[in-house]
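As a plain string of letters, each chain reads:
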Amino acid sequence: MKRWDELSFYYTDHYEVPLPPGHRFPMEKYRLVRESLLKSQILLPAQLHPAPEAMDSDILLAHTHEYFYGLKNGTLSEKELRPIGLTWSEQLFRRSMGAVGGFLAATDSALEDGFSATLSGGTHHAHAGRGEGYCVFNDFAISALKLLGAQRVKKILIIDLDVHQGNGNSSILGSRSDVFILSLHGEKNYPFRKVPSHLDVGLPEKTGDKTYLSALADALSQIRSENFDIIFYQAGVDVLREDSLGTFDLSFEGVMKRDEMVFDFQKSLNLPMVMALGGGYAKPIELTVAAHTNTYSSARKFFI
Ligand SMILES: [Zn+2]
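Here is what the cut-offs are and how they apply
Sequence order sets the numbering: in each chain, residues are counted from 1 along the sequence as written. Predicted model: local features are reported for residues with pLDDT of at least 70 only, side-chain atom pairs are reported and counted for 80 or more only, and whole-chain, interface and lining totals are derived from all residues. Two strands qualify as a pair provided DSSP detects at least 2 bridges between them. Each helix is a run of H or I in the DSSP string that is no shorter than four residues. Each strand is a run of E no shorter than two, and both are numbered from the N terminus. All axes here are fitted lines through C-alpha atoms, helices being fitted over the stretch that makes contact, and every angle between N-to-C directions spans 0 to 180 degrees. By the convention adopted here, residues make contact when the C-beta atoms placed from their backbones lie within 7 Å. Comment: burial labels come from other C-beta atoms within 10 Å of the residue's own C-beta, placed from the backbone, where a count of 20 or more is buried, 12 or fewer is exposed, and between is partly exposed. In this usage, the nonpolar core is the set of buried Ala, Val, Leu, Ile, Met, Phe, Trp, Tyr and Cys residues whose C-beta atoms join them within 7 Å. Each angle gets one of four labels, with under 35 degrees taken as roughly parallel, over 145 as roughly antiparallel, 65 to 115 as roughly perpendicular, and the rest as oblique. When residues are sorted by character, Ala, Val, Leu, Ile, Met, Phe, Trp, Tyr, Cys and Pro go into the nonpolar class, Asp, Glu, Lys and Arg into the charged class, and all the rest, Gly among them, into the polar class. It is the rotation of the near helix from the far one that decides the hand of a crossing: anticlockwise by less than a right angle makes it left-handed, clockwise makes it right-handed.

Enquirer: How would you summarise the sheet that holds strand β8 (residues 273-276) if you had to cite specific residues and measurements?
Expert: Ordered by their spatial adjacency, 8 strands build an open sheet running β2-β1-β3-β8-β7-β4-β5-β6, and the pairing between neighbours is parallel. Across the chains shown, the open sheet's two edge strands, defined by having one partner strand only, are β2 (48-50) and β6 (199-203). Geometrically, the sheet is characterised by an average inter-axis angle of 15 degrees between neighbouring strands, direction not taken into account. Helix α5 (residues 90-113) contacts β1 (9-11), β3 (115-118), β7 (230-234) and β8 of the sheet and is inclined by roughly 170 degrees relative to β3.

Enquirer: So what's going on with the pairing of strand β5 (residues 179-186)? Residues and values would help.
Expert: Burial runs high along β5: 7 of the 8 residues are buried. Bridge count for β5 against β6 is 5 bridges, and the pairing is parallel. What sits directly across from Leu182, in β6, is Leu199.

Enquirer: Explain the pairing of β7 to me, using residue names and the numbers behind them.
Expert: For β7, a buried count of 5 out of 5 residues is recorded, marking the element as mostly surrounded by other parts of the structure. Alternating positions in β7 separate into two faces, Ile230, Phe232 and Gln234 on one and Ile231 and Tyr233 on the other, with burial throughout.

Enquirer: I'd like a rundown of the nonpolar core, residues and numbers included.
Expert: With 79 residues, the main nonpolar core has Val100 and Ile158 as its most contacted residues. Sort the elements by how many residues they give to this core and α5 lands first, with 10 residues. Filtering out sequence-adjacent residues up to four positions away, Val100 remains in contact with Ala54, Asp58, Ile59, Phe137, Asp139 and Ile142.

Enquirer: Lay out the packing of helix α8 (residues 209-223) against helix α9 (residues 252-269) with the relevant residues and their values.
Expert: As a packed pair, α8 and α9 sit with axes 10 Å apart at the nearest point and diverge in direction by 10 degrees. Classed by the angle they form, the pair α8 and α9 counts as roughly parallel. Seen from α8, the contacting residues are Asp209, Tyr212, Leu213, Leu216, Ala217 and Leu220; seen from α9, they are Gly254, Lys257, Arg258, Met261 and Phe265. A breakdown of the residues in the contact of α8 with α9 according to their chemical character gives 7 nonpolar, 1 polar and 3 charged.

Enquirer: Quick one: what's the story with the environment of Ser214, residue by residue and with numbers?
Expert: By secondary structure assignment, the location of Ser214 is in helix α8. Distance in space between the C-alpha atoms of Ser214 and Thr107 is 29 Å, their sequence separation being 107 residues.

Enquirer: Please provide a residue-by-residue account of the packing of α5 against helix α6 (residues 139-149), values included.
Expert: One can describe the packing of α5 onto α6 by two numbers: an axis separation of 9 Å at closest approach and a directional angle of 45 degrees. The angle between α5 and α6 places the two elements in the oblique class. The two elements α5 and α6 meet at a crossing, and its hand is right-handed. Facing Ala99, Val100, Phe103, Leu104 and Thr107 of α5, the residues of α6 in contact are Asp139, Ile142, Ser143, Lys146 and Leu147. Among the residues forming the contact of α5 with α6, the class breakdown is 6 nonpolar, 2 polar and 2 charged.

Enquirer: I'd love a proper account of unusual backbone geometry, names of residues and values included.
Expert: Put simply, Tyr190 and Pro191 share a cis peptide bond, and its omega is -5 degrees. Counting through the fold element by element, Pro191 comes out in the loop between β5 and β6. Put simply, Lys283 and Pro284 share a cis peptide bond, and its omega is 0 degrees. Note that Pro284 resides in the loop between β8 and α10 (285-301). Phi at Tyr134 takes a positive value of approximately 65 degrees, unusual for a residue other than glycine. Note on placement: Tyr134 falls in the loop between β3 and α6. Phi at Lys206 takes a positive value of approximately 65 degrees, unusual for a residue other than glycine.

Structure, rendered in structure tokens:
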């Protein structure tokens, strides 16, 4: 296991995607998180690498030919694009390839070094044949199928703590026995039709720190004795009270305790972990950036 300052991380904000002014998707978040991590010296410049683009064949591990080439060639109809919530552009396609490439690179680094992360991703609403909820390609599903296909791991644990249920992860991976998806999410949050994970914990509106943390501790204790080879962590901070799309009532301290519980679980099982940023839509966006920064600060504590 390497020291924190020897670990590698990947960013995608060098891919610029044009969005109309006032668009709900906080594209600037990714740059702001990278800048915040550097400013607070949680990450050093030498640890940060631009995400490489995934290969077409990687995407096709989890997505249909029709959907992938429709996106690549810009031939998807307005109706097919609408659920994604982003306008098609060549840059959007390239960034989506970079987001997956970043997670794939982070997965390789995590297997080698014990921990790695991408400063974007966690695109858990993308299904095999369609994107949804700002998610174009499903980075977790692609990476899971690539690792399993190459027999580099036997079983993967996905811990998905974004406030939204990962319906895309479940629709692609939910029936597999070599993946285990744990999802804690808002029962009243989008997606309104959940696709079953291996363990779903749907919590009511206004769930606060105490209820949330005890539900998480309970879920982690249920899966502790299973044999996993790697953890994929979707560390969305849209569980925060201030989030504009989330229904929970978690404090900053609550989210930090959540992350510490996950990192402690990882450490106690001595498993490699790869982490993705996940959602965060607080207003102002600086609150979300602070919460993502806290996640990295908590992770670092477990590596020093
Ligand atoms: Zn979310």
